[in-house]
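Spelled out, the chains give:
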Amino acid sequence: MTHFSALSLIKNALSGQKNWEPQWPDSEPKAEYDVIIVGAGGHGLGAAYYLAKEHGITNVAVIDKGWLGGGNTGRNTTIIRSNYLYDESAKLYDHALDLWDGLSQELNYNVMYSQRGVLMLAHNVHDVQSFQRHVHANRLNGVDNVWLSKEEAKEFCPPLDISPNARYPVVGAALQRRAGTARHDAVAWGYARGAAARGVDIIQNCPVTAIRRGPDGRVTGVETAKGFIGAKKVAVSAAGHTSVVMDTAGVRMPLESYPLQALVSEPIKPIFPCVVMSNSVHAYISQSDKGELVIGSGTDQYTSYSQRGGLPLIEHTVAAICEIFPIFNRMRMLRKWGGIVDVTPDRSAILGKTPVPGLYVNCGWGTGGVKATPGAAHTLAWTVAKDDPHPANAPFTLERFSTGRLIDEAAAAAVAH
Amino acid sequence: MTVLTHAFTPGPIVASGPVKLTLLEPVARFSLRLRAANIPTVAKALGVDLPTTVGERAANGTTEAICLGPDEWMIIAKTDDTDKLVSACADVYASATHSLTEVSAREITVRIEGDRAAELLTIGCPRDIDSIPVGGGCRTVIDGVTVVLWRDADQSFRMDIWRSFALHIIDLLYTGSKEFAAE
Amino acid sequence: MSSFRVSGRGRVDHTQPIQFTFDGKKIKGFKGDTVASALLANGIHLMGRSFKYHRPRGAVTAGSEEPNALVGTRRGPGRFEPNTRATVQEIWDGLQVNSQNRYPSLSFDIGAINDKAYMLFSAGFYYKTFMWPKSFWDKVYEPFIRAAAGLGVSPTEPDPDHYASRYLHTDVLIIGAGPAGLAAALSAARAGSRVTLVDENPEAGGSLLSEPSAQIEDMPAWDWVGKTVAELKELGVKLMTRTTAIGYYHQNMVGLCEKLTDHLASPDGETPRERMWRVRAKQVVLAQGALEKPLVFDGNDRPGVMLAGSAQTYLNRYGVRVGDKAVILTSHDSAWYAAFDLADAGTTIAAIVDTRAEPNADLVAEATKRGIRIMAGHTVTGTEGRLRVKSVRVNPVTGSSVGAPEVIGCDCLLMSGGWTPSLHLFSHTKGTLAWDEERQTFLPDHKAEECEIAGAGRGLWGIEAVLNDGAAMGAAAVKSLGKDIAPASYTVANDRPGTGVSHKELPTDLDAGKARAFVDYQNDVTAKDLRLAVREGMRSIEHVKRYTTNGMATDQGKMSNINGLNIASDALGVPQPKVGLTTFRPPYTPTTFGAFCGYHKGSHFEVTRKTPIDSWAEENGAAYEPVSLWRRAWYFPKDGEDMHAAVDRECRATRASVGIFDASTLGKIEVVGPDAVEFMNRMYTNPWTKLAPGRARYGLLLGDDGFIRDDGVIGRLADDRFHVTTTTGGAARVLNMMEDYLQTEWPDLDVWLTSTTEQWATIALNGPNARKVLEPFVEGQDMSDEAFPHMSVSECRVGGFPARLFRISFTGEVGFEVNVPAHAGRALWEMLYEAGKKYDICPYGTETMHVLRAEKGYIIVGQDTDGTVTPHDAGLSWAIGKMKPDFVGKRGLARPDLVAEGRKQLIGLLTEDGKTKLEEGAQIVLDPNQPKPMKMVGHVTSSYHSDAAGRPIAMALLEDGFNRMGETIYIPMPDRVIKAQVTGTVFYDPEGARLKL
Amino acid sequence: MLLIHCPYCNQTLPEAEFTYAGEAHIARPADPSSVSDEEWRDFLFIRTNVKGPHYERWRHFHGCGRYFNAVRDTVSDRFLITYKTDDPRPELSKLLEKSK
Ligand SMILES: Cc1cc2nc3c(=O)[nH]c(=O)nc-3n(C[C@H](O)[C@H](O)[C@H](O)COP(=O)(O)OP(=O)(O)OC[C@H]3O[C@@H](n4cnc5c(N)ncnc54)[C@H](O)[C@@H]3O)c2cc1C
Ligand SMILES: NC(=O)c1ccc[n+]([C@@H]2O[C@H](COP(=O)([O-])OP(=O)(O)OC[C@H]3O[C@@H](n4cnc5c(N)ncnc54)[C@H](O)[C@@H]3O)[C@@H](O)[C@H]2O)c1
Ligand SMILES: Cc1cc2nc3c(=O)[nH]c(=O)nc-3n(C[C@H](O)[C@H](O)[C@H](O)COP(=O)(O)O)c2cc1C
Ligand SMILES: [Zn+2]
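Keep in mind it's a predicted model, so treat the numbers as computed, not measured.

Draft legend 1. Region of the structure containing the site of ligand 2. All names here are of chain C. Residues in contact with ligand 2 amount to 30 residues; listed here are only the nearest, Asp199, Glu200, Ser207, Ala245 and Gly462. One of the backbone nitrogen or oxygen atoms of Ala245 is found 2.8 Å away from a nitrogen atom of ligand 2. Measuring from a nitrogen atom of ligand 2, one finds a side-chain N or O atom of Gln288 at 3.1 Å. Relative to its free-state accessible area of 850 Å², ligand 2 is covered by the protein chains to the extent of 94%. Elements that contribute at least two residues to the shell around ligand 2 include exactly helix 4 (179–190), strand 13 (243–249) and helix 10 (463–479). In terms of residue count, the dominant contributor to the shell around ligand 2 is strand 13 (3 residues). Along the lines of polarity and charge, the residues of the shell around ligand 2 split into 13 nonpolar, 14 polar and 3 charged.

Draft legend 2. Representation of the interface of chain C and chain A within the structure. Every contact between the two is made by 119 residues of chain C and, on the other side, 104 residues of chain A. Carbon and sulfur atoms supply 56% of the area that chain C and chain A bury against each other, a total of about 9,900 Å² over both sides. Between the two partners, chain C and chain A, sit 11 salt bridges. Glu81(C) serves as the salt-bridge partner of Arg330(A), at 2.7 Å between the closest nitrogen and oxygen. Here the side of chain C that touches chain A takes 7 residues from helix 3 (residues 136–148) of chain C, the largest share from any one element. Summarising the sheet, strand 14 (residues 332–343) of chain A and strand 33 (residues 591–592) of chain C pair through 2 bridges and their orientation is antiparallel. Paired with Arg332(A) across the strands is Thr592(C), a residue of strand 33 of chain C.

Draft legend 3. The packing of helix 2 (residues 42–55) of chain A against helix 7 (residues 184–197) of chain A, seen in detail. Residues and elements named next belong to chain A. With their axes 8 Å apart at the nearest point, helix 2 and helix 7 run at an angle of 30° to one another. With respect to helix 7, the axis of helix 2 lies roughly parallel. Judged by the twist between their axes, the crossing of helix 2 over helix 7 is left-handed. Side by side, helix 2 and helix 7 meet where Gly42, Leu45, Gly46, Ala48, Tyr49 and Tyr50 of the first sit next to Ala188, Tyr191, Ala192, Gly194 and Ala195 of the second.

Draft legend 4. Spotlight on the site of ligand 1. Residues and elements named next belong to chain A. Taken together, 37 residues lie around ligand 1, and Asp64, Asn72, Thr73, Thr77 and Lys371 are the ones closest in. One of the side-chain N or O atoms of Asp64 is found 2.5 Å from an oxygen atom in ligand 1. Within the backbone of Thr78, a nitrogen or oxygen atom sits 3.4 Å from an oxygen atom of ligand 1. Contact with the protein chains hides 97% of the accessible area of ligand 1, taken as 1,000 Å² for the molecule alone. Only helix 2, strand 10 (256–265) and strand 14 provide two or more residues apiece to the shell around ligand 1. Sort the elements by how many residues they give to the shell around ligand 1 and strand 10 lands first, with 3 residues. A breakdown of the residues in the shell around ligand 1 according to their chemical character gives 14 nonpolar, 19 polar and 4 charged.

Draft legend 5. The pairing of strand 5 (residues 63–69) of chain B, seen in detail. Residues and elements named next belong to chain B. Across the 7 residues of strand 5, 7 count as buried, placing the element largely inside the fold. Alignment of strand 4 (residues 57–60) against strand 5, held across 4 bridges, turns out to be antiparallel. Of the residues in strand 5, the one forming a bridge with Asn60 is Thr63. Hairpin connection from strand 4 to strand 5: 2 residues lie between these consecutive antiparallel strands, with Gly61 at a positive phi of about 60°. The pairing of strand 5 with strand 6 (residues 72–77) spans 5 bridges and is antiparallel. Within the sheet, the bridge partner assigned to Cys67 lies in strand 6 and is Trp73. Taken together, strand 5 and the strand that follows it, strand 6, pair antiparallel across an intervening segment of 2 residues.

Draft legend 6. Expanded view of the arrangement of the chains. Of all 5 pairs of chains that touch, the greatest number of contacts is found between chains A and C. Over all C-alpha pairs, chain A and chain B never come within contact, reaching a minimum spacing of 11 Å.

Draft legend 7. Molecular detail of the packing of aromatic side chains. All names here are of chain C. By the definition in use, this model includes 44 aromatic pairs over all chains. Measuring from centroid to centroid gives 5.1 Å for Phe661 and Tyr844, while their planes differ by 10°, and the two rings are stacked. Taken as a pair, Phe661 in strand 36 (residues 659–662) and Tyr844 in strand 47 (residues 842–844) lie far apart in primary sequence, 183 residues in all. A residue is classified by how much of its surface remains accessible, and Tyr844, at 2% relative accessible area, is buried. The interplanar angle of 85° and the centroid separation of 6.2 Å between the aromatic rings of Trp688 and Phe722 together place this pair among those described as edge-to-face. Residue Trp688 is located in the loop between helix 18 (676–683) and strand 38 (696–702), and its partner Phe722 is located in strand 40 (residues 721–726); the two are separated by 34 residues in the primary sequence.

Draft legend 8. Quick peek at the pattern of salt bridges. In this structure the tally under the stated criterion is 118 salt bridges over all chains. One salt bridge in this structure joins Asp185(A) and Arg183(A), with 3.0 Å as the shortest N-O distance. Classification of Asp185(A) as buried rests on a relative accessible area of 3%. One salt bridge in this structure joins Lys353(A) and Asp387(A), with 3.6 Å as the shortest N-O distance. Taken as a pair, Lys353(A) in strand 15 (residues 350–353) and Asp387(A) in the loop between helix 10 (373–386) and helix 11 (400–403) lie far apart in primary sequence, 34 residues in all. Given a relative accessible area of 38%, Lys353(A) falls into the partly exposed group. Connected through shared salt-bridge partners, Arg330(A), Arg79(C), Glu81(C), Asp159(C), Asp161(C), Asp262(C) and Arg273(C) make up one network.

The rules behind these values
Residues numbered from 1 in each chain as written. Chains lettered and ligands numbered in written order. Predicted model: local features only at pLDDT ≥ 70, side-chain atom pairs only at ≥ 80, totals over all residues. Heavy atoms only, no water. Near = heavy atom within 4 Å. Polar contact = N/O pair within 3.5 Å; in protein donor to acceptor, adjacent residues only side chain to side chain. Areas by Shrake-Rupley, 256 points an atom, 1.4 Å probe, with all protein chains shown as cover. Helix = DSSP H or I, 4+ residues; strand = E, 2+ residues; numbered from the N terminus. Nonpolar A, V, L, I, M, F, W, Y, C, P; charged D, E, K, R; others polar. Contact = heavy atoms within 4.5 Å. Buried area = accessible area lost by both parts, 1.4 Å probe. Salt bridge = Lys/Arg side-chain N within 4 Å of Asp/Glu carboxyl O. Pairing = 2+ DSSP bridges. Axes fitted to C-alpha atoms, helices over the stretch in contact; angles between N-to-C directions. Parallel < 35°, antiparallel > 145°, perpendicular 65-115°, else oblique. Left-handed = near helix turned anticlockwise from the far one by under 90°. Buried < 20%, exposed > 50% of the residue type's maximum accessible area, 1.4 Å probe, protein only. Phe/Tyr/Trp six-rings, centres within 6.5 Å; stacked < 30°, edge-to-face > 60°.

Right, dumping it as structure tokens:
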């Protein structure tokens, strides 16, 4: 692996960029691995990276049915924050945020983690109560999140319309300054490169069709388009497709998969300094390094694996954006797309062991798992390596759905992303 | 914005142009629910047929019925007939159980008529208006709001809208009628 | 008029001159010109700057696929938009056009310094750098990258225009009104179908508008177009121009964006700027045509380098010669025709450079006839010129060897790399594509929707072939609708069918590593970038796209996808069909946000529901708060009072005498039928069997998970009739939930549900004098305490109106809720208000309601509970019918965690100093001195200043709260720690004595 | 926006009139109190979430108000059939046969 440095960059520039090496090889499967990770999204690739780097487990394959990073990792609005309400969530997401902070240097790959601040708008008394609850809880958990008056919010984000006559007037906002965005593709690529450099095989275009178990119930490996591949442990990190994969191991999941859409505008010069989210009005927006406005929509009402989504939702989303930012009405939409997100009943992830020995699962991140990427990857690796949860993911079990010990951020606040 | 207010005073809203909008006088209105076996008895008591195909209507004098669901009808009558209808139904309740609930004040009715009345509805209603026969109707949606649409003539409709949504929808129709007039 | 305008030529109106400005300079054109055609008519090719390197750029196309000529357009205040394609924007008198992404001027741009460092700025370079030192990213590198990126500038003012939308149902929707679309429309309309034909251009005709010399059915092409359009109109076809099909959705739903005013000098103000059509078609015919491909060689982006077909369009449609001296570079026959047309119009054709060794003999003869030099088996290896091409470097190619160059002077270079069928919309449907080896392009394969593809869109070149195909496809579309028509058959003279070959980047004799051969113009992606991406392990075309940004510009790869594919496929050593294309996504061309918003702007963004009494509140100066879709009177400030003062006064007045409150927004559901009581027993936690008609009870609704969903007072009007109330926000949800259980779990129950929320206006009167105010208006109900005790309901008359009268209290005072038909709400309110004046009646809003109920410890679902709270947690165990075999939520409540000890429970809090009001949402700890992260044990759910208690009061959810009565807990604030004592939740009149006054 | 056939109205209508109501044929246990925590979890939360033909419920919310059942392919979003709540669960093999 070529180490990226100013020197390597200049050297290669002078030699016509002809000497760069592949950032990761396109591997063919071996007969057996210590660990197979199903799903080469940020979470799966990251887990492989940490398995190799922190636990010395390098006989690892990450298998994807398509191209690496082509799942939700490649199609999200890149909002990263950790100002969640419950201790369990705050701990996990803040663990992720700490890792985000040095990720570019750690991976020697610029993931463009941009701490531009995430502003969450309050439009009514209920929002204020709910956001204040977050602000207070976050403060005592050591997570940065402050309350702003609407004037302060406007100062932080000048395009914001704070006129009291708006249909949903802004009454204040919660701001997490440490939060922001990252270059989503680079996260997958950086982890892939880092993992590959440590011996991990990345196997693309190879759908896993079944998880195989031995007579004792333990996993023995996976069936794939390229044949059976043996494994001592299998971790499923297949986002929207988790139910499908887990079903082949006989594990039924509390998940539903929905299309979630996003869109970008044509690129413009910098106008939008931060990330703004409004849950009442249903709009999420930031501006990318390339200049497009990146806008998140909601999930369609029905479950689907079609990566499409309908027009009405997009119309509503754009109207919501223009309601809060009327100056964008004459901007144009460049592209809109969909992803498939897996949603749990309490809108919190499931990350840990399963009833099947040797089988681990990381799923249910729904509309908001990019921000967790390094944290999820790091704790998943830990859990797989030690067959025991990391303290940060311990509460995110499958069992909670029988005991009722849910981590219901949605019920508490109706906050997405 | 229209001149209309939440007082909903009956009268014209848009009086000329390709589409006229008029707020109609209040009527007595009931939501009627019952199982198939009891249709004849209750229909007799009400004095109006209860059609069994969703979207079909029947009328007897000023009393009208529209089938809105497999066990649901909207009954419309003169306000003066309210008590009469209630007691007629009460009389047969024991033999033909049903639910008759008065909703006269729940809805506001606007008439939409004129050369392009059907087309005006397309500014918010995703249904194919052509599929609603004259003399029929349906419950449907316009700009996210549930309404009951009665097609009285090729280019004449009544639209029943829940009160608190009515101004929003009528405003939309008003905006549309201005747009049509400008074409 | 400049020498580039060919008088009498084109479809522009030479009698209607129009003046607009470009970067402040006055430019003249004609009605019918686009910004680009008018600029070209004035000899201006330089129209923009590229994204990354700020390279000078001119229009390469004449249509909506334009990647380079992007400009800002302005029409007075608020009406500015960036990134408008100059090739599409029609001109009108006074239009202001500005170039973009340059400083200080288009011809001298400091940003072009990036171009000099291009060796560094290769694909993906930013992933490899800007990491040291770490702190520089946010402060230095990122702002620099951002400022360099982006194209135009954002609008900065709200948009004064309005937008519209419509639904349209049609039998056949035809997209594209070129020869294929026109012929298809004729077939379908003649068969008697409802037909809609749309085209993004201002007029129908498509490519025929650029082919005036063709003869269709012995008629000049333009005459045929005119005649056809007339016949279509006659047949009732809805022909929509300036209308782009932006997306093809499920089951033949197609989104169209119609532009109505952007081409007008003075729109009338009533007409919307754009209208979004949501079309549902039984059949769709895609007749989108084909897009010409650029060729990829060093310097192929210089202003003056343009697609040959576009040059032909500028000449034939706009009467503009794009240059005086042209070199043609082509791998396809079609460019030869462009050369002939231009030559005939007076442009010198310095050479036709064809990459093929043996071009079509007829074409060669035609060219020779015109004295044009033919350089077959040649290629172009470079161009020169700073802001406009001034010469090209032409080399012979034999096999893989490139011979010595010859430099040929010119002022434009017209290229054609062949054609790509437009399959964007087809691909939106997830229809599959198949690679056509002969045409070297993808063609439609498996269809996922009810549609046909016609014309150049499925690889047919030549007008006759396209017309006949269109006619056949139109007939095929109506055939599946049960209509039969024999497709017309067309003969075309002077047709211009053609063939060609396809290329990756063209061969060169120069160092390939130094060549700047652009594939994606706007995003400055070169062939070399694509190869670098592959070298770095980007083996999927999706990786290549994302690593290089090829195809991600505002043309969405219309110019670059196939060339990119060819190069990537070569670099990978994998054939094109195995490499595949990236995904096409809506919209087809960039589409204004306003068009998506339609009518949903300002107060129409979403409905604002108002109660029948709202107007009175407004007249009486209410401050409002939004509650779900409703606006509710929040408080009624008097002469400069703030909220706190107003609420204190309203509370005091109510407890002292009487307050009046609009509760109309409460959800109401009529539950009727012989099984009504059984249904209620199953839905709500409470027992209902013994509740006598005429009595009312507080009802608690859970989800089957055991958590609180809603609550409300429920009156039994008769054995088989209940009047259920729900929370304001819960009304629709609760009814939906009830219907769900009724219809799917218990369909055998004889009971029906009707929403009566809006049937009734609800007026609450509370306070020791409430009865006195109300009693005189009541007919048919004895109002004495004995005859009508607390928790009663009665059907009677109030104020002459039929009424449902409840005696209930959400304040702890004697209270009544009068329901009267909505239209009578305001009248009764005024009567009661008038009558109440002698008792100093006080209208109060939701805030006072909240305080009064909190003083009594009544919960608000959604504030004191949050979806994780059980009845036990909320202190409502008494509301559970323990003897009932089942109710919704009963089993859920028995789950281990819900019966565990130490759950968070609702308790009261009194701050120790008796003065500090806690903040709602503030967190509670037992040890304020612990380090962070602290162990939080609960949070404040409700907190108010209580006039009645003479101090602030609060409610909180606290771990093991019921066992902590009297304990001190701590609420750490940013600046201090507040101490408070755990108490019960009733802060006022704990015995309930005031209910009996 | 899908087109949905309401088996009660017997009309094919735009999705805007309908609301989705989750997986079909998950019966609430007749005697909830007698089932285990795991069985109750299955009823509340476990969903097949199939990629392919999915048995699901819709409600003709802005129309006749009825809940009904449907089989829809979650890959193409196409409906194979819609049927009344009390109709038997249609056999998949037959449906697939028919849709071919
Ligand atoms: C439009 C949109 C916007 C979003 N916005 C945000 C946001 O702003 N902030 C945020 O935090 N989160 C956001 N999310 C959510 C976030 O994208 C996801 O939670 C996150 O990317 C999940 O990462 P992952 O690595 O688990 O999954 P993915 O990146 O989806 O990776 C899973 C991989 O598994 C593979 N796979 C599936 N089945 C198989 C199989 N059988 N065999 C082999 N491989 C298989 C897939 O191909 C895929 O590559 C958004 C999501 C979407 C769709
Ligand atoms: N000489 C050659 O080799 C060659 C090659 C290719 C095409 N052609 C010629 O091109 C013509 C093709 O005819 P055709 O009818 O198939 O195509 P066309 O290009 O004539 O017409 C297609 C029309 O559809 C419009 N359109 C495309 N996408 C749209 C959208 N999303 N919304 C609205 N409008 C949209 C285009 O603007 C255009 O007006 C023939 O005359 C053919 O001979 C010739
Ligand atoms: C943060 C972000 C920014 C994007 N910016 C662009 C863009 O500038 N241009 C573009 O064409 N697509 C952009 N996309 C969309 C991608 O092209 C693509 O649509 C998305 O990754 C989903 O993949 P798919 O459409 O190939 O299924 C962006 C996507 C994301 C997540
Ligand atoms: Zn129906």
